[in-house]
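# Chain and residue survey
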Amino acid sequence: PTNPRYARSGVFYVDVTVAYQTQPTVSHSVRLTIIIGEVDDVKIVVSGTTGLSALPGESASFAISALNVGNSEAQYSVSCQSNNLWQIMLGNSNSSSLDFEPLDIGNYLSMPVRIFVPPVSQGSPAAGYTDTVECFVTSSTDLELNYSQTVSVEVDELSEYTTNLQTSGKDV
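Now for a description of the structure that goes with this document. (Residues numbered from 1 in each chain as written. Predicted model: local features only at pLDDT ≥ 70, side-chain atom pairs only at ≥ 80, totals over all residues. Heavy atoms only, no water.)

Our next topic: the state of the cysteines. For the structure shown, the criterion picks out one disulfide. The disulfide bridge from cysteine 80 ends at cysteine 135, spanning 2.0 Å between sulfur atoms. Note on the cysteine 80 and cysteine 135 pair: the S-S dihedral is about 110°, so by sign convention the disulfide is right-handed. Here cysteine 80 is found in strand E6 (residues 76-82), whereas its partner cysteine 135 is found in strand E10 (residues 130-139), with 55 residues between them in sequence. Considered together, cysteine 80 and cysteine 135 belong to a single accessibility category, that of buried residues. (Disulfide = S-S within 2.5 Å. Helix = DSSP H or I, 4+ residues; strand = E, 2+ residues; numbered from the N terminus. Buried < 20%, exposed > 50% of the residue type's maximum accessible area, 1.4 Å probe, protein only.)

In structure tokens form, the structure reads like this:
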């Protein structure tokens, strides 16, 4: 299903008593124990990715959000990497990997992702060049839960030029 709903995890007890209507003193009781295991499930959404671009030496930003649709509190980790190994910062950190705060059932958090386009060096990166950033969301309690999102970042045209005049290898 596109929007699964799970019963809350835990141990639940149900007492059932059956009695005759004509003889209420005759009854039978039983305690049912229901154990519902934990289900880690998350919906991942990225936003701000349309037309994502930056000038060389600057950064572009988008957000990745996680919604806990499982049946217990859960914690997820985000890790992003650039195909060209450009610097990536998650949240307010200097890291490309970060843990979301624990999320209760039905709660979500959004994390900003910044990609730094390196300064121009020997003509690279050229205007129009595209790098691909892949972000992975994993669960700390369910190692098989692994979602990924791919985002493209384009290098904008840099209209800033400098010249160095030299005579005999020395700046003039």
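Throughout the structure, instances matching the rule amount to one salt bridge. One salt bridge in this structure joins arginine 31 and aspartate 15, with 2.8 Å as the shortest N-O distance. Highlighted residues: arginine 31 in strand E2 (residues 27-36) and aspartate 15 in strand E1 (residues 10-19), separated in sequence by 16 residues. (Salt bridge = Lys/Arg side-chain N within 4 Å of Asp/Glu carboxyl O.)

Time to look at the sheet that holds strand E3 (residues 42-47). Taken together, the four strands give an open sheet; going across it, the order is E3-E5-E9-E7, and neighbouring strands pair in antiparallel fashion. Unpaired on one side and paired on the other, E3 and strand E7 (88-90) mark the two borders of the sheet. Recorded for the sheet is a direction-independent mean angle of 20° between the axes of neighbouring strands. Inspection of the sheet shows E3 paired to strand E5 (residues 59-68) by six bridges, in the antiparallel sense. Paired with valine 46 across the bridge in E5 is isoleucine 64. (Pairing = 2+ DSSP bridges. Axes fitted to C-alpha atoms, helices over the stretch in contact; angles between N-to-C directions.)

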